[in-house]
Amino acid sequence: MTPMNKLQKLLEEKKVLVADGGWETELIKKGLKTGDIPEAWNFSNHRLVKEVAKSYKDAGADIILTNTFGANKLKLHGTDVEQVNRIGVQLSKEEAGQSLVFASIGPTGEFLEPSGDFEEAEFIDIYSKQVKGIVDGGADGIIIETMSDIKEALCALKAVRKNSSLPVGITFGFNKDKKGFATIMGLTPEQAVLAVVKENPDIIGANCGSVTIEDMVAIAKIMKKHTSIPLWIKPNAGLPVFKSGNTSYPQTPEEIAFFVPQLIEAGVKIIGGCCGTTPEHIKQIRKKVDQYFANSRRI
């Protein structure tokens, strides 16, 4: 069965899938220091990286990500990009059991012309090296996440399509102001959907950003108006709180799970968590998703 067929079969069987939670915040709990490169742990701390993947599998996640978010050559200077991505996928695969493993691809941290110095062909090449390692690692899919620039997002999508046949999703990180929701590059949820659907990704959605899960319900409703592509939503555990040099996220697992029915009714097909969400958050999301459909069958 192809990876795309696996995803489609799982969606047909379960209606709504549960994805995993935060990775970097979990690695910080295990000793990752400020300024450390999380992806370097794919070489030096196999056991701790695998513990994160296992914790989300045990919490009931249908989809587990990888420690590869920033594993591109612009962030990993002098590192074997293909190798760090391959190992990152393999570490999650070793613990995933029957769960699917979607490799995480994040922004490069740089900008395309005219805002920056890079041409689109260069970004496609940068992402292609990451994708090649991901494919070698045996990923079941790829999620291009926390994007703010539509051009960069489409460069990453082109790299995936050029180097693999894996199912691929794109999610954006939105902030909120008086005008509504937009990425740091000014891209609204409506604009993001209309630009991306032309390229036929398999998944589209939102993650992270300076928004709450309540806001994510509103973002999902906006996106759903413009596409029938499965929606993927992974909110942070509330807005970050900075105190004494530390960052924390205040929303409890129960508070996050409370909004799961609203996300489902907004048309979301894959629900997980981002920064600050823990295995306990995912466990409660799993419970709420299962309860939703159990109650629906009884009606």
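Structure: above.
Because the structure is predicted, anything quoted here is derived from the model rather than measured.

### Describing the overall build of the chain
Logical step 1: Counting secondary structure elements, the chain contains twelve helices and twelve strands.
Logical step 2: What you see for the chain is a C-alpha radius of gyration of 18 Å, in line with the 19 Å of a compact globule of 299 residues.
Logical step 3: With respect to the principal axes defined by its C-alpha atoms, the chain has extents near 55 × 50 × 40 Å.
Logical step 4: Across the 299 residues that make up the chain, the buried fraction comes to 55%.
Logical step 5: Of the contacts formed within the chain by residues at least 6 apart in sequence, a portion of 77% connects residues at least 24 apart.
Logical step 6: Surface exposure of the chain reaches about 13,200 Å², of which carbon and sulfur atoms provide 50%.
Logical step 7: Here the chain carries 37 positive and 37 negative side-chain charges, and the mean point of each set is 6 Å from the other.

### Some words on the packing of helix α8 (residues 189-196) against helix α9 (residues 213-224)
Logical step 1: Running from N to C, α8 and α9 cross one another at 40°; their axes reach a closest spacing of 9 Å. When the axes of α8 and α9 are compared, the pair comes out oblique. Note that α8 runs across α9; the crossing there is right-handed. Between α8 and α9, the contacting residues are P189, E190 and V193 on the first element and I219, I222 and M223 on the second.
Logical step 2: Looking at side-chain class alone, the contact of α8 with α9 contains five nonpolar, no polar and one charged residues.

### So, a negative patch on the surface
Logical step 1: A surface patch of like charges, here negative, comprises E110, E113, D117, E119 and E122.
Logical step 2: Relative to the assigned elements, E119 resides in the loop between β3 (100-105) and α6 (120-137).
Logical step 3: Under the relative-accessibility criterion, E119 is labelled partly exposed at 45%.

### Some details on the pattern of salt bridges
Logical step 1: Inspection of every chain in the model, using the stated rule, returns 16 salt bridges.
Logical step 2: One salt bridge connects K14 with D62, and the closest N-O pair in it is separated by 2.5 Å. Of this pair, K14 sits in helix α1 (residues 3-14) while D62 sits in the loop between α4 (46-58) and β2 (63-64), and the two are 48 residues apart along the sequence.
Logical step 3: Overall, the relative accessible area of 5% leaves D62 in the buried class.
Logical step 4: Between K129 and D125 there is a salt bridge, with its nearest N and O atoms 3.1 Å apart. One end of the pair is K129 and the other is D125, both in helix α6 and four residues apart, which spans about a single turn.
Logical step 5: Relative accessible area serves as the criterion here: at 30%, K129 is assigned to the partly exposed category.

### Quick look at the nonpolar core
Logical step 1: Among the nonpolar cores identified, the biggest contains 89 residues, and I63, I142, I144, F172 and W232 are the most heavily contacted of them.
Logical step 2: The biggest single contributor to this core is helix α7 (residues 150-163), with eight residues.
Logical step 3: With residues near it in sequence (within four places) discarded, I144 still touches I105, A153, A156, L157, V160, V168, G169, I170 and T171.

### Topic: the sheet that holds β3
Logical step 1: Taken together, the eight strands give an open sheet; going across it, the order is β1-β12-β9-β8-β5-β4-β3-β2, and neighbouring strands pair in parallel fashion. Strand pairing shows two members of the sheet lacking a second neighbour, β1 (17-18) and β2, which therefore form its edges.
Logical step 2: In the sheet, strand β8 (residues 203-207) pairs with strand β9 (residues 231-234) via four bridges, with the strands oriented parallel. From the neighbouring strand, I204 faces β9, where its bridge partner is L231.

### What to know about α6
Logical step 1: Helix length check: α6, at 18 residues, gives a terminal C-alpha distance of 26 Å against a target of 26 Å (1.5 Å per residue), a fit within 8%.
Logical step 2: Within the span of α6, buried status applies to F123, I124, I126, Y127, S128, Q130, V131, G133, I134 and G137.
Logical step 3: Along its buried surface, α6 packs onto α5 (81-96), β3, β4 (141-147) and α7.
Logical step 4: Positive backbone phi, at 90°, marks G138, one or two positions downstream of α6.

### A few points about the packing of aromatic side chains
To describe a pair of aromatic rings, one takes the distance between the centres and the angle between the planes.
Logical step 1: Taken as a whole and assessed by the stated rule, the structure comprises six aromatic pairs.
Logical step 2: Geometrically, the ring pair formed by F118 and F123 is tilted, given 5.5 Å between the ring centres and 35° between the ring planes. You'll find F118 and F123 in the same group, each marked buried.
Logical step 3: Joined through ring pairs, the aromatic side chains of F118, F123 and Y127 make up one cluster.

### Observations concerning the packing of α6 against α7
Logical step 1: Direction vectors running N to C along α6 and α7 enclose 45°, while the axes themselves pass 8 Å from each other. When the axis of α6 is compared with that of α7, the two are oblique. For the pair α6 and α7, the crossing hand works out as right-handed. Of the residues in α7, those in contact with E120, F123, I124, Y127, S128, V131, K132 and V135 of α6 are K151, E152, C155, A156, K158, A159, V160, K162 and N163.
Logical step 2: Of the residues that constitute the contact of α6 with α7, the class distribution is nine nonpolar, two polar and six charged.

How each quantity is defined
- Residues numbered from 1 in each chain as written.
- Predicted model: local features only at pLDDT ≥ 70, side-chain atom pairs only at ≥ 80, totals over all residues.
- Heavy atoms only, no water.
- Helix = DSSP H or I, 4+ residues; strand = E, 2+ residues; numbered from the N terminus.
- Rg over C-alpha atoms; globule rule 2.2 N^0.38 Å.
- Buried < 20%, exposed > 50% of the residue type's maximum accessible area, 1.4 Å probe, protein only.
- Contact = heavy atoms within 4.5 Å.
- Areas by Shrake-Rupley, 256 points an atom, 1.4 Å probe, with all protein chains shown as cover.
- Lys, Arg positive; Asp, Glu negative; His and termini not counted.
- Charge placed at Lys NZ, Arg CZ, Asp CG, Glu CD.
- Axes fitted to C-alpha atoms, helices over the stretch in contact; angles between N-to-C directions.
- Parallel < 35°, antiparallel > 145°, perpendicular 65-115°, else oblique.
- Left-handed = near helix turned anticlockwise from the far one by under 90°.
- Nonpolar A, V, L, I, M, F, W, Y, C, P; charged D, E, K, R; others polar.
- Patch = residues over 30% accessible without salt bridge, like charges linked within 9 Å, V, L, I, M, F, W, Y side chains within 5 Å.
- Salt bridge = Lys/Arg side-chain N within 4 Å of Asp/Glu carboxyl O.
- Core = buried A, V, L, I, M, F, W, Y, C linked by side-chain atoms within 4.5 Å.
- Pairing = 2+ DSSP bridges.
- Expected span 1.5 Å × (residues − 1).
- Phe/Tyr/Trp six-rings, centres within 6.5 Å; stacked < 30°, edge-to-face > 60°.

Just distances and angles here, no functional claims.
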